[in-house]
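Coordinates in review
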Amino acid sequence: MSEAALRLDRRQPQIARDMSDLIAREIKSLDVDQAFLELLRASVDANTKTITHILINDIPIERLQPTTAAVEYALRLAQRDIPANSLVRAYNVGKDDFIEQIFPDVQGLNCSAEEKFAVLQHMSSVVGRYIDWISQYVFGVYEKERDRWVGTQGNVRATLVHDVLGRRNVSAREFEQETGYRLDGHHIGLIIWSVESDPAPDELRMLSQGVWKVAAAAGCTGSPLITAVDRTTAWAWLPFAAKPPPVDIEEVRRTVGQARTARVSLGLSDVGTGGFRRTHEQAQAARRVAVARGGTTAAISFGDEGVAITSLLANDLESTRAWVVEVLGGLAVDNDNTRALRETLRVFLLTGESYTDTAALMNLHRNTVRYRVAKALEQSTTTIGTNRVDLAVALNVCHFLGPAVLSVADSR
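The rules behind the values
- Residues numbered from 1 in each chain as written.
- Predicted model: local features only at pLDDT ≥ 70, side-chain atom pairs only at ≥ 80, totals over all residues.
- Heavy atoms only, no water.
- Helix = DSSP H or I, 4+ residues; strand = E, 2+ residues; numbered from the N terminus.
- Buried < 20%, exposed > 50% of the residue type's maximum accessible area, 1.4 Å probe, protein only.
- 1 Å grid on protein atoms, 1.4 Å probe; cavity = no way out; pocket = protein on both sides within 12 Å on 5 of 7 lines; lining within 4 Å.
- Points joined across faces, edges and corners; volume = space filled by probe spheres on them.
- Nonpolar A, V, L, I, M, F, W, Y, C, P; charged D, E, K, R; others polar.
- Axes fitted to C-alpha atoms, helices over the stretch in contact; angles between N-to-C directions.
- Parallel < 35°, antiparallel > 145°, perpendicular 65-115°, else oblique.
- Contact = heavy atoms within 4.5 Å.
- Left-handed = near helix turned anticlockwise from the far one by under 90°.
- pLDDT = per-residue confidence, 0-100.
- Polar contact = N/O pair within 3.5 Å; in protein donor to acceptor, adjacent residues only side chain to side chain.
- Expected span 1.5 Å × (residues − 1).

Structurally, E72 can be placed in helix α4 (residues 68-79). Taking relative accessible area as the criterion, E72 reaches 27% and is therefore assigned partly exposed. C-alpha of E72 to C-alpha of L40: the two residues are 32 residues apart in sequence and 9.7 Å apart in space.

In this section: unusual backbone geometry. The phi angle at E353 is positive, at roughly 65°, despite the residue not being glycine. When you line up the elements, E353 lands in the loop between α13 (336-350) and α14 (355-362). Look at E353 and you get partly exposed, because its relative accessible area is 34%. The phi torsion at N363 lies on the positive side, around 55°, for a residue other than glycine. Tracing the sequence through the fold places N363 in the loop between α14 and α15 (366-379).

Turning our eyes to something else, we now look at empty space enclosed by the protein. To find the voids left in a structure, one rolls a probe of water-molecule size over its atoms. Overall, the coordinates contain one cavity of 30 Å³ or more when judged by the stated rule. Here the largest cavity defines a volume of roughly 160 Å³. Considering the residues around the largest cavity, the lining is formed by 16 residues, among which I23, V44, N47, A90 and Y91 are closest to the centre. Elements with a minimum of two residues in the lining of the largest cavity: α2 (12-26), α3 (34-57), α5 (84-107) and α6 (113-165). Among the elements that take part in the lining of the largest cavity, α3 stands out by supplying six residues, more than any other. Grouping the amino acids of the lining of the largest cavity by side-chain chemistry returns 11 nonpolar, four polar and one charged.

A pair of packed helices is captured by two measures, namely the crossing angle of their axes and the spacing between those axes. Direction vectors running N to C along α14 and α15 enclose 105°, while the axes themselves pass 8 Å from each other. Classed by the angle they form, the pair α14 and α15 counts as roughly perpendicular. Residue-level contacts link Y355, T356, T358, A359 and M362 of α14 to R366, V369, R370, R372 and V373 of α15. A class-by-class count of the residues in the contact of α14 with α15 yields five nonpolar, two polar and three charged.

So, about the packing of α13 against α14. Between α13 and α14, the shortest axis-to-axis distance is 9 Å and the interhelical angle comes to 125°. In terms of axis orientation, α13 runs oblique to α14. Between α13 and α14 lies a crossing of right-handed hand. Across the interface between the two elements, E343, T344, V347 and F348 of α13 pack against Y355, T358, L361 and M362 of α14. Class assignment of the residues belonging to the contact of α13 with α14 gives a composition of five nonpolar, two polar and one charged.

This next bit is on the layout of surface pockets. The volume enclosed by the second largest pocket comes to roughly 370 Å³. The wall of the second largest pocket is formed by 17 residues, among which M206, Q209, G210, K213 and A259 lie closest to the centre. Breaking the lining of the second largest pocket down by element, the ones donating at least two residues are α8 (203-218) and α9 (249-257). Looking at the lining of the second largest pocket element by element, the count peaks at six residues for α8. By residue class, the composition of the lining of the second largest pocket is seven nonpolar, six polar and four charged.

This part is about the confidence of the model for the protein. Predicted confidence across the protein gives a mean pLDDT of 87, with 95% of residues reaching 70 or more. Looking at the elements of the protein, mean pLDDT is at its lowest for helix α1 (residues 2-10), recorded as 81, and at its highest for strand β5 (residues 270-271), recorded as 96.

Within the secondary structure, H187 is located in strand β1 (residues 186-194). By relative accessible area, H187 is classed as buried at 0%. Looking at H187, its side chain comes within polar contact range of the main-chain oxygen of L183, at 3.1 Å. Among residues more than four places away in sequence, those in contact with H187 are Y181, R182, W237, L238, L268, S269, D270, V271, G272, G275, F276 and T279.

Our next topic: α8. Compared with an ideal rise of 1.5 Å per residue, which puts 16 residues at 22 Å, α8 spans 23 Å between its outermost C-alpha atoms and is within 8% of the ideal. Turning to α8, its buried residues are E203, R205, L207, S208, Q209, G210, V211, W212, V214 and A215. Contacts made by the buried residues of α8 are with β1, β2 (225-230), β3 (233-240), α9 and β4 (262-266). One or two steps after α8, the chain reaches G219, where phi turns positive at roughly 75°.

In structure tokens:
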């Protein structure tokens, strides 16, 4: 048996790498981001090394201590609200894969078929007993951490977050000690919510996972701070060691869009306690725009062109609707024809009144752009020459808020 175990030990690094990839493929909830995958690999590597040492040295299971990597991985799963059954499944997938890896090394032994069978049976039994022991241990670690995280941590965290947002006296040191999040760094505020009419009991867990995926897409340098607002909404902050580059909102949309029922709004990056508040307020403002337009976009940023000013106008939709009609006249009617005219005129103004650039951006013929711009200006009560700013703002408000600020469709 020791000869087969030694062969297995020499192949252990490759076995651990392949097993980690297999587990990540088989259990999608564990494929969160690159940092988390590295922690999975560390846990698998530690466990497979332990098994080979047990087999080589005939170490009794009851004398073992769980590896640090295996325990840490279970703790992180609990903190990220990933289901415990994912942890148990990971160990079962690993066990089956490891036993399969034993076969070629036993087959290569220079002994009878009966002896090979006995060796295989013994090694498989050792692996099974080890997995049974370690999986029970880390499951207990997971459950204890979940109780602590959801209970004490959740309540204290929510209280402190509201205190900071409410400008009550909270020291940065106390905040970091209780939440693990630094207020003196750079932040991007984020709000994630579900548009599901009948949210599942674990909806908040799904939203938390969405935050971690956005954090990975944004390249943040630490663990996000997440606090639940209700069953379908969570506030979050993404930490950065230095001022981050602008978030790739298209990448965030692709990431969030995988969940279908989740929506995200983002603030701009800011620094310090004041920045912690400001970026959250901006995320709230961007969310108002998203909700007013019907929540059809997976992600929206306060930094998106036109969102900041639109968020102010979204605070009073009745007055905004009246103003849009005053500026746009017949162009404010909600139908397919005026929608095409509005969008063409909007892009035309954004490009500095360039027919060529507008045609390229909208994939239209230049003559089509010229025709649409002329028709749009015919229907509008405001011209480019008389009030270009109001016209541009009104068109952008229609672009972002749509039916919320438009007149009822007519036959035109």
